[in-house]
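# Residue-level structure breakdown
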Amino acid sequence: MKVICSKSELTKGVNIVSKAVPSRTTMSILECILIDASANEIKLTANDMELGIETIIDGKIEEKGIIALDAKIFSEIVRKLPENDVVIETDDTFRAIITCEKAKFNIAGRSGDEFSYLPYVEKDEKITISEYTLKEVIRQTIFSVADNENNKMMTGELFEIEENRLRVASLDGHRISIRNIELKETYDSKKVIVPGKSLQEISRILPGEMDDMVDIYFTNNHILFEFGETKVVSRLIDGEYFHIDQMLSTDYETKVQVNKKEFLDCIDRATLLVREGDKKPVIMNVEDGYMELRINSYIGSMDEELEIEKEGKDIMIGFNPKFLIDALRVIDDEEVTLYLVNAKAPCFIRDDGGNFIYLILPVNFNAASV
């Protein structure tokens, strides 16, 4: 094999597929990036058996061929090469010579036949949304995916399609994040659970352009995302997702409307007095015309008043400040509305248009200490 491509094009391709190289594996071939120039294009692939990524890069093929190179070594070499054309040549013993200007590396490779190719996904069922929308939806929900494996369902996000609506939801036992997207066409009903890890990596490599589209294909076991010259295939989480609708309510005793930036900044200031690992709640005391936020920790205390519009009863309620911050940071509206029932019931942050819902469970606190 002999291929020639620019350092920038090679770097871009390596950075994309590297997201699917496992950090630990018992199969050493999975620690490689496959360079496939056996057809009329230069294709890079990585696959950890849960997530597989393939991308096509621009370049010239002088001799067709295929080789698997250790991802860590190869990506470090590419990163440190001069900004010029890179020549990659291989021989019958699977050694690769990588040349750029006066730099020349000779490294061992492996047969491409040993590599695990991406699973085949039939392109029968798909939806199409913009790169920007998909990237935003992931950003606005991914933080409430559980990061432990105790409950596999909580490590994924629900993608649910009903006619021309896509609902994406995540939960971790303390909160729920939901985004509703209107699609341009009507589709058959579909429910799948996509691993949070896969969505995080997709979000990192998605350019996020408003006018560029992503085609999303579904099978019983896999989901395929196609955008630009890149394909991402992820294994789905098997099982039935939680019945989210049963956890949602439109009842409330107190409705609070507050400036989002002022609210977020206030909670952010309060967390200056909370060390990582401390479970000190921020206490919200809601009365007519204002909301007082207080926090007491081993470091000290802080209180601040915010102007609000309130309907209904006064209420004092406590929350993990991080959960409020995570939700508020991804809401783009200038004003946010909180719906509260009592000090032990969930708080709902939602908009009038039904585009987003954030449910946050309160925490118990000793009223005498605040």
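Our structure's up above, just so we're on the same page.
Residues numbered from 1 in each chain as written. Predicted model: local features only at pLDDT ≥ 70, side-chain atom pairs only at ≥ 80, totals over all residues. Heavy atoms only, no water.

## Considerations on a negative patch on the surface
Where like charges cluster on the molecular surface, the negative patch consists of Glu 262, Glu 307, Glu 309, Glu 311, Glu 334 and Glu 335. Checked against the element boundaries, Glu 335 lands in strand S22 (residues 335-340). (Patch = residues over 30% accessible without salt bridge, like charges linked within 9 Å, V, L, I, M, F, W, Y side chains within 5 Å. Areas by Shrake-Rupley, 256 points an atom, 1.4 Å probe, with all protein chains shown as cover. Salt bridge = Lys/Arg side-chain N within 4 Å of Asp/Glu carboxyl O. Lys, Arg positive; Asp, Glu negative; His and termini not counted. Charge placed at Lys NZ, Arg CZ, Asp CG, Glu CD. Helix = DSSP H or I, 4+ residues; strand = E, 2+ residues; numbered from the N terminus.)

## Describing the sheet that holds strand S16 (residues 254-259)
Taken in spatial order, the seven strands line up as S11-S12-S24-S23-S22-S16-S20 in an open sheet, and their pairing is antiparallel. Whereas interior strands pair on both sides, the edge strands pair on one side only; in this sheet they are strand S11 (156-171) and strand S20 (309-312). Neighbour to neighbour, the strand axes of the sheet diverge by 20° on average, direction disregarded. Sheet topology note: the S16/S22 ladder contains six bridges and is antiparallel. Pairing of Gln 257 across the sheet is with Thr 337, part of S22. Contacts from helix H6 (residues 321-329) reach strand S12 (175-195), S22 and strand S24 (356-360) within the one sheet, and its direction differs from that of S24 by about 175°. (Pairing = 2+ DSSP bridges. Axes fitted to C-alpha atoms, helices over the stretch in contact; angles between N-to-C directions. Contact = heavy atoms within 4.5 Å.)

## With respect to helix H3 (residues 131-139)
Among all positions of H3, only Glu 131, Leu 134, Glu 136, Val 137 and Ile 138 are buried. Residues of H3 that are buried in the fold lie against strand S10 (125-130), S11, S12, helix H4 (196-205), strand S13 (213-218) and strand S14 (222-227). (Buried < 20%, exposed > 50% of the residue type's maximum accessible area, 1.4 Å probe, protein only.)

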